[in-house]
Amino acid sequence: MSSTTGRSRTHIARRLFMLYAGLALYGASSALLVRAELGLEPWGVLHQGLNELTGLSIGVVSIVVGAVVLLLWIPLRQRPGLGTVSNVLVVGLAIDGTLAVVPSIHGLDAQIPAMVAGIVLNGVATGLYIAARFGPGPRDGLMTGLNRRTGRSVRLVRTAIEVAVVATGFLLGGSLGAGTVLYALAIGPLAQFFLGLFATPETTKVTTGAAEPSPGQAILPQ
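So, here is what we can say about the structure in this document.

Points about unusual backbone geometry
- One non-glycine residue, E37, lies in the positive phi region at around 60 degrees.
- One can find E37 in the loop between α1 (2-36) and α2 (42-54).
- Given a relative accessible area of 53%, E37 falls into the exposed group.
- Even without being a glycine, R77 presents a positive backbone phi close to 60 degrees.
- Relative to the assigned elements, R77 resides in the loop between α4 (73-76) and α5 (82-101).
- Since its relative accessible area comes to 73%, R77 is described here as exposed.

Pasting the structure below:
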C-alpha cells in the first residue's frame, strides 16, 4: 500500500512540475516573440493591442483576458481544472517576468533567432502543459464549449475565434508578421512532437486514439 501511495504521489508531483514548467515556458516564449518584433501568436496580437490601448503590461492584459474568457465558460457549462486557473495567472506573470529581464532586441541577426526560439519553446511548453492533464486553458475551453453547443467543428470554431482575435488585436496596434505565419505553420507539429516526448502512459492513450480526449487535451493551451 505504501509503495503504491508513494508512486501515486511521485506521479502527481511529476504532473504538477510539468504543468507549471509548461505554463512558465509558455509565458517566456510569448515574451520572446514580443522582443523579436517579427509578429506574435494570435492571442499575443490581441494582448499587445490591448497593451497599446490601455497602457497595462502585456502580462496583466493576458491575465485579464484569460479571466474574462473564463467567465464565458459559465453559460457554456464548462468546468475549469487546476490547469485552467493556473493558466490565467502563471502565463501572464511569466510574460511580464521575462520581459523584465530580456532587453529589447535589434537587428535581424538577433531578432530571427529570438523568434525561432520563442516558437520552439512554445511547442515545448504546449507539450508539457497538455501532457500534465490538468484541464484545458481558458481560451481552449471556450473553443471546445462552443464546439459542443453549436455543433460546429473545433477547427472551424478555433479558426473563427482566432481570426477575430487577430483582426481586433491588429486594429488596436498588435504586431503581425513573419513570426505570426511561422507560428501558425509550426506550432501544431512542434506541439505534437513534444507531447509525444513528455507523454505519460495515460496521455499516450489519448493521443493514439485508445481513449477519448477530454476537452482541451489535444489542442493548444492558450
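Considerations on a nonpolar patch on the surface
- Nonpolar side chains collect at one region of the surface, where L108, I112, V116, V120 and L182 lie side by side and expose about 370 Å² of accessible area between them.
- In terms of residue count, the dominant contributor to the nonpolar patch is helix α6 (residues 108-132) (four residues).
- The class for V116 is partly exposed, based on a relative accessible area of 38%.

A short note on the pattern of salt bridges
- Under the definition given, this model contains two salt bridges.
- Of the charged contacts, one joins D140 and R158 as a salt bridge, the two residues approaching to 3.5 Å between their closest N and O atoms. Remark: R158 occurs in helix α8 (residues 154-171) and D140 occurs in helix α7 (residues 138-150); sequence separation between them is 18 residues.
- We classify D140 as buried; its relative accessible area is 0%.
- Close ionic contact of R158 with E162 constitutes a salt bridge, the shortest N to O distance being 3.2 Å. Separated by four residues within a single helix, R158 and E162 lie in helix α8, roughly one turn from each other.

Reading the values: rules and limits
- Residues numbered from 1 in each chain as written.
- Predicted model: local features only at pLDDT ≥ 70, side-chain atom pairs only at ≥ 80, totals over all residues.
- Heavy atoms only, no water.
- Helix = DSSP H or I, 4+ residues; strand = E, 2+ residues; numbered from the N terminus.
- Buried < 20%, exposed > 50% of the residue type's maximum accessible area, 1.4 Å probe, protein only.
- Patch = residues over 30% accessible without salt bridge, like charges linked within 9 Å, V, L, I, M, F, W, Y side chains within 5 Å.
- Areas by Shrake-Rupley, 256 points an atom, 1.4 Å probe, with all protein chains shown as cover.
- Salt bridge = Lys/Arg side-chain N within 4 Å of Asp/Glu carboxyl O.

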